[in-house]
Amino acid sequence: MRVLLFTIVLLLNFFSIQAQDNFIANDLRINQYVEGTLLAPRQETVPLAIIINGSGPIDRNGNEMMTKNNSAKKLAEALAKKGIATFRYDKRTLKAQQLNIDEKDMRFDDFIDDAKAVIKRFSELPNYSSLYIIGHSQGSLVGMIAAQEKADGFISIAGAGQTIDSLIVEQIGRQMPGLEESARTAFNELRANGKVKDYNQGLASLFKRSIQPFMFSWMKYDPQQEIKKLEMPVLIINGDNDLQVNTNEAKKLKDAKPDAELVIIENMNHIYRIIDKNDDIANQKSYNEPQRPISSEMVEQISNFILN
């Protein structure tokens, strides 16, 4: 029966199959919201890692409309060379543009549902020895919630260690200290009432009416509480040259999950590139430099965690 199921999945859902060196790439549709690429070594039974990307309309390769760095694609290719299959998929925010879904109807739980659908599909297939979740940035929280149902291990890369409202207020305090108190007051009202009417117009992009329901649904989840629920090995990775998520976030996750493994990679930025800490311009430019290699140390840490 499992073999028959696998055959049906192949017939109905694989759009294309391409051979690349010693591995095969398959484009796969999970449902109307989730389409991605399965990259698998040419071996009968291998571990599988599901890669969940960060916030925004990000495609399966880790790119947005104005940036191309292929961070997720490069990670998948590097892991394939280590004997690990991966499935990476387009974020629902990207599919929403194609399906004409209004942002006012989006919820954080939609991302969790998508990740759970992927996990369910691959857990039904017979040719994977184990299943791991790799969540990057926003995908870290999505992944740690989805992984609670069925996974053999969880990997957080540049994941937040506090609720999104606390993280944003902290960032505003560093970058625009005059708006910090206004942001906290607005978030408190949103948390209490599910909506906020009065806020400083300097924060309009954060609190416009159409995205308040999404932000409210995101605020409900505390990474420190969610990571405690994981009854599986956990690896927490952060670069110390990440301009978006600093290493304190990884340390908060480690404090909440003491038996997790914590790895801080020197000079690694948010998209896995090694950049000199004194060169912020190079750090920002790397988001549009797909030719830059990703951190070999990160690949080694992830592959060792999965294979050993």
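You'll find the structure just up there.
All of these numbers come straight from a predicted model, not from anything done at the bench. (Residues numbered from 1 in each chain as written. Predicted model: local features only at pLDDT ≥ 70, side-chain atom pairs only at ≥ 80, totals over all residues. Heavy atoms only, no water.)

The next thing to look at is the overall build of the chain. Check the secondary structure of the chain and you find 13 helices and nine strands. Taking 19 Å as the expected radius of gyration for a compact globule of 308 residues, we find that the chain reaches 19 Å, a close match to that expectation. Across its three principal directions, the C-alpha atoms of the chain cover 60 × 40 × 40 Å. Buried residues in the chain amount to 52% of all 308 residues. Considering only residue pairs separated by 6 or more positions, the chain has 66% of its internal contacts joining residues 24 or more positions apart. About 14,300 Å² of surface is accessible on the chain, with carbon and sulfur atoms providing 48% of the total. (Helix = DSSP H or I, 4+ residues; strand = E, 2+ residues; numbered from the N terminus. Rg over C-alpha atoms; globule rule 2.2 N^0.38 Å. Buried < 20%, exposed > 50% of the residue type's maximum accessible area, 1.4 Å probe, protein only. Contact = heavy atoms within 4.5 Å. Areas by Shrake-Rupley, 256 points an atom, 1.4 Å probe, with all protein chains shown as cover.)

Formed by 62 residues in total, the largest nonpolar core has its most connected members in Ile-50, Phe-87, Phe-108, Phe-122, Ile-133 and Met-215. In terms of residues, this core owes the most to one element, helix α4 (residues 108-123), which gives seven residues. Among the nonpolar cores identified, the runner-up in size contains 30 residues, and Phe-23, Ala-25, Tyr-272 and Ile-294 belong to it. (Core = buried A, V, L, I, M, F, W, Y, C linked by side-chain atoms within 4.5 Å.)

This paragraph deals with the side chain of Asp-114. Note on placement: Asp-114 falls in helix α4. Accessibility expressed as a relative area gives 2% for Asp-114, which makes it buried. Discounting chain neighbours no more than four positions away, the residues touching Asp-114 are Tyr-33, Val-34, Tyr-89 and Arg-92.

At their nearest, the axes of α4 and helix α9 (residues 212-219) sit 7 Å apart, and the two run at 60° to each other. On the side of α4, the interface is formed by Phe-108, Asp-109 and Phe-111, while α9 contributes Phe-214, Ser-217 and Trp-218. Residues of the contact of α4 with α9, tallied by class, amount to four nonpolar, one polar and one charged. (Axes fitted to C-alpha atoms, helices over the stretch in contact; angles between N-to-C directions. Nonpolar A, V, L, I, M, F, W, Y, C, P; charged D, E, K, R; others polar.)

Of note in the backbone geometry, Asn-100 takes a positive phi value of approximately 60° without being a glycine. On the secondary structure map, Asn-100 appears in the loop between α3 (92-99) and α4. For Tyr-272, which is not glycine, the phi torsion reads 75° and is therefore positive. Along the chain, the position of Tyr-272 falls in the loop between β9 (261-265) and α12 (280-285). The buried category is assigned to Tyr-272, whose relative accessible area is 1%.

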